[in-house]
Amino acid sequence: MRLSARVDYALRAAAELAAAGEGPTTVGELAKGQEMPPKYLENILLQMRRAGLVRGQRGPEGGYVLARPAAQISLADVIRAVDGPLANVRGERPEHVGYTGAAQSLQQVWIALRASERAILEEVTLDQIASGELPKRVTDLSNDPSAWDSHTPV
């Protein structure tokens, strides 16, 4: 799986907002706390606002807050807001890509991959990330030493 810098920044900023609670957090505070470029982060937060994940509050006490409780926003929600569908092939959803001949089975592999990604990313919420209390399935997978070795098939 490959995640863009945009997704990485969005997830980190969203986790900070979840940890901050109800009070607004400025772009500067988010950027400094996670060592991210503020201008780039501001564009990401605008995408998240358009997707209904965050709300902007103007004025001297302004900043960003989550638009819904952190327990109701999954990692998949954030990823889709800034990067589109979870799994795509050449910019298309796997169900819209067709292959012929010996490669025909690839479509099923891409669909299975998307289902696997969804199983984790739709289960984990911003609240769980901010609190460090991840679902058991996630901790079980991440506790497997072979998951940490980039040269070992998982």
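Notes on the structure in this doc start here. Sequence positions are assigned chain by chain, starting from 1 and proceeding in written order. The model is predicted, so local features are restricted to residues of pLDDT at least 70 and side-chain atom pairs to those at 80 or more, both for listing and for counting; the totals for chains, interfaces and linings are taken over all residues. The basis for every side-chain value is the complete set of non-hydrogen atoms in the structure, without hydrogens or water.

### Thoughts on helix α5 (residues 106-121)
Helix length check: α5 (16 residues) gives 22 Å between terminal C-alpha atoms against 22 Å at 1.5 Å per residue, within 8%. Along α5, the positions that sit buried rather than exposed are R114, E117 and L121. On an axial view of α5, the arc spanned by its buried residues comes to 65°, and they lie on one face. Residue contacts follow a heavy-atom distance rule, with two residues in contact if any of their heavy atoms lie within 4.5 Å. In this description a helix means any DSSP run of H or I spanning at least four residues, a strand means any run of E spanning at least two, and both kinds are numbered starting from the N terminus. For α5, the elements touching its buried residues are α4 (75-83). What a helix is expected to span follows from its residue count: subtract one and scale by 1.5 Å. Here the term buried applies to any residue with accessible area under 20% of the maximum for its type, exposed to any over 50%, and partly exposed to those in between, with areas from a 1.4 Å probe on protein chains only. The arc under discussion is defined with respect to the helix axis, by the directions toward the C-beta atoms.

### As for the nonpolar core
Buried Ala, Val, Leu, Ile, Met, Phe, Trp, Tyr and Cys residues that are joined via side-chain atoms within 4.5 Å together make up what is termed a nonpolar core. Core analysis: the biggest nonpolar cluster contains 33 residues, and L17, L41, L45, M48, L66, V78 and L126 have the highest contact counts within it. Residue assignment for this core shows that the elements contributing at least two residues are α1 (5-20), α2 (27-34), α3 (38-50), β2 (63-66) and α4. By residue number, the principal contributor to this core is α1, which donates eight residues. Ignoring anything within four residues of it in the chain, the contact list for L45 reads L17, V27, L30, V54 and Y64.

### Some remarks on the pattern of salt bridges
A side-chain nitrogen of Lys or Arg and a carboxyl oxygen of Asp or Glu constitute a salt bridge if their distance falls within 4 Å. Within this structure, the stated rule accounts for six salt bridges. Its salt-bridge partner being E95, residue R114 comes within 2.7 Å of it at the nearest N-O pair. With a gap of 19 residues between them, R114 in helix α5 and E95 in the loop between α4 and α5 connect regions that are remote in the sequence. A residue is classified by how much of its surface remains accessible, and E95, at 35% relative accessible area, is partly exposed. With a closest N to O distance of 2.7 Å, K136 and D140 form a salt bridge. Of the two residues, K136 and D140 are both situated in helix α7 (residues 136-143); the distance of four residues between them amounts to about one turn of the helix.

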